[in-house]
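# Notes for the structure review
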Amino acid sequence: MVPDILGWARILFRGPMFVLTIYGGLVIFLSVRLVERTWGGAISPYITQIICQFSLKVLGIKCRVSGSPMNLPGVVVANHVSWLDVFALNASQRAFFVAKHEVRGWFGIGILARATGTVFIERNALHARTHKTLFWKRLADGDKLLFFPEGTSTDGLRVLHFKSTLFAVLFESGIPDDSFVQPVSLIYSPPKGKDSRFYGFWGNISLRSHLLAMLAAPLGGIIDTVFHEPVSPHAFAGRKALAQHCESIVRDCLRKQLKLAD
């Protein structure tokens, strides 16, 4: 959709601010990381949170958080609606994302993702063993990883089947016994007058057109991030049962919230 005059005015105002927030924040982040490697400390993850929080404010999107992010090693899984998910989830917690390889080249987002320790994977069965080894090492080191089990983004009004492949590593020997899995539901509410699928990044929508639409949008958008109760992998028979549980929790929450909004 081509922005109107008011939309282009918002793009010209917000665009430079969005770029400055990401790249200016990235310079600060990398500078702090350099100091941390020399002197120690763990301030840089908070900088990532601030960058993401302010980026959403620039876009005129309000974030609401329900529940509490777990302060435990393990995995966080969420439904996937848009590249905005990364900002919403980073704004409310500290975790390392697992993303498809193409994200590395995305404008602004790719640079931020690489700098903040994102794990990039390729959708190819030949790389499955390598990915599994990498996940195992990161979890064994106590990192909290976050991925989207649907494998693709949607229109935001539904939850696709959760693929169980990446859950398998949680059942490997050597993973800390206190590793948990926390399902998260992301519910998007568009600005007044916009389609209910407005924030969804799906189908043949290009990143450029979607980004322009976000910059041109009026104020009033909301992202509800709902953190559900963490569960132990040991409570499930295997990866498929765990994936199904997380899928059901996330889907039921989305349906409930969308019904209340009607």
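Refer to the structure printed above.
Reference entry: report on the structure contained in this document.

About the cut-offs
- Residues numbered from 1 in each chain as written.
- Predicted model: local features only at pLDDT ≥ 70, side-chain atom pairs only at ≥ 80, totals over all residues.
- Heavy atoms only, no water.
- Phe/Tyr/Trp six-rings, centres within 6.5 Å; stacked < 30°, edge-to-face > 60°.
- Buried < 20%, exposed > 50% of the residue type's maximum accessible area, 1.4 Å probe, protein only.
- Helix = DSSP H or I, 4+ residues; strand = E, 2+ residues; numbered from the N terminus.
- Expected span 1.5 Å × (residues − 1).
- Bend = angle between axes of the 7 residues up to and from the residue.
- Polar contact = N/O pair within 3.5 Å; in protein donor to acceptor, adjacent residues only side chain to side chain.
- Pairing = 2+ DSSP bridges.
- Axes fitted to C-alpha atoms, helices over the stretch in contact; angles between N-to-C directions.
- Contact = heavy atoms within 4.5 Å.
- Core = buried A, V, L, I, M, F, W, Y, C linked by side-chain atoms within 4.5 Å.
- Parallel < 35°, antiparallel > 145°, perpendicular 65-115°, else oblique.
- Nonpolar A, V, L, I, M, F, W, Y, C, P; charged D, E, K, R; others polar.

### What to know about the packing of aromatic side chains
Applying the stated rule across the entire model yields 7 aromatic pairs. When the centroid spacing of 6.0 Å and the interplanar angle of 80° are considered together, the rings of Trp-83 and Phe-87 count as edge-to-face. A single burial state applies to Trp-83 and to Phe-87, both of which are buried. Summarising the aromatic geometry, the rings of Phe-147 and Phe-167 are spaced 5.3 Å apart at their centres and angled 75° between planes, so their arrangement reads as edge-to-face.

### Quick look at helix 1 (residues 5–39)
With 35 residues, helix 1 extends 50 Å between its outermost C-alpha atoms, agreeing within 8% with the 51 Å of an ideal straight helix rising 1.5 Å per residue. At Arg-14, helix 1 is bent by approximately 30°, the largest bend along its length, and proline Pro-16 sits one to four residues beyond. Of all the residues in helix 1, the buried ones are Gly-7, Ile-11, Arg-14, Gly-15, Phe-18, Thr-21, Ile-22, Gly-25, Leu-26, Phe-29, Val-32 and Glu-36. One side-chain oxygen at the N-terminal end of helix 1 lies 3.3 Å from the backbone nitrogen of Leu-6; it belongs to Asp-4.

### Some thoughts on the sheet that holds strand 6 (residues 180–189)
The strand order 1-7-6-2-5-3-4 describes an open sheet built from 7 strands, whose pairing is mixed. Only two strands of the sheet have a single partner each, and these edge strands are strand 1 (61–66) and strand 4 (119–121). With direction set aside, neighbouring strand axes in the sheet form an average angle of 25°. As paired strands, strand 6 and strand 7 (residues 221–227) are joined by 6 bridges and run antiparallel to one another. Following the sheet pairing, Tyr-188 is matched in strand 7 by Ile-223. Each of strand 1, strand 2 (74–78), strand 3 (96–100), strand 5 (144–147), strand 6 and strand 7 is contacted by helix 3 (residues 84–92), which is oriented at about 120° to strand 6, the strand it contacts most.

### Digging into the nonpolar core
Grouped together as the largest cluster of nonpolar side chains are 48 residues, with contacts concentrated most on Phe-18, Leu-59, Trp-83, Leu-84, Phe-87 and Leu-89. Ranked by the residues each element gives to this core, the list is headed by helix 1, at 6 residues. Of all hydrophobic cores here, the second largest spans 25 residues; its members include Ile-121, Phe-135, Phe-147 and Leu-254.

### Quick notes on the packing of helix 1 against helix 2 (residues 44–58)
Running from N to C, helix 1 and helix 2 cross one another at 175°; their axes reach a closest spacing of 9 Å. Classified by the angle between their axes, helix 1 and helix 2 sit roughly antiparallel to one another. On helix 2, the residues that touch Arg-14, Met-17, Phe-18, Thr-21, Ile-22, Gly-25, Leu-26, Ile-28, Phe-29, Val-32, Arg-33 and Glu-36 of helix 1 are Ser-44, Ile-47, Thr-48, Ile-51, Phe-54, Ser-55 and Val-58. Taken together, the residues of the contact of helix 1 with helix 2 sort by class into 11 nonpolar, 5 polar and 3 charged.

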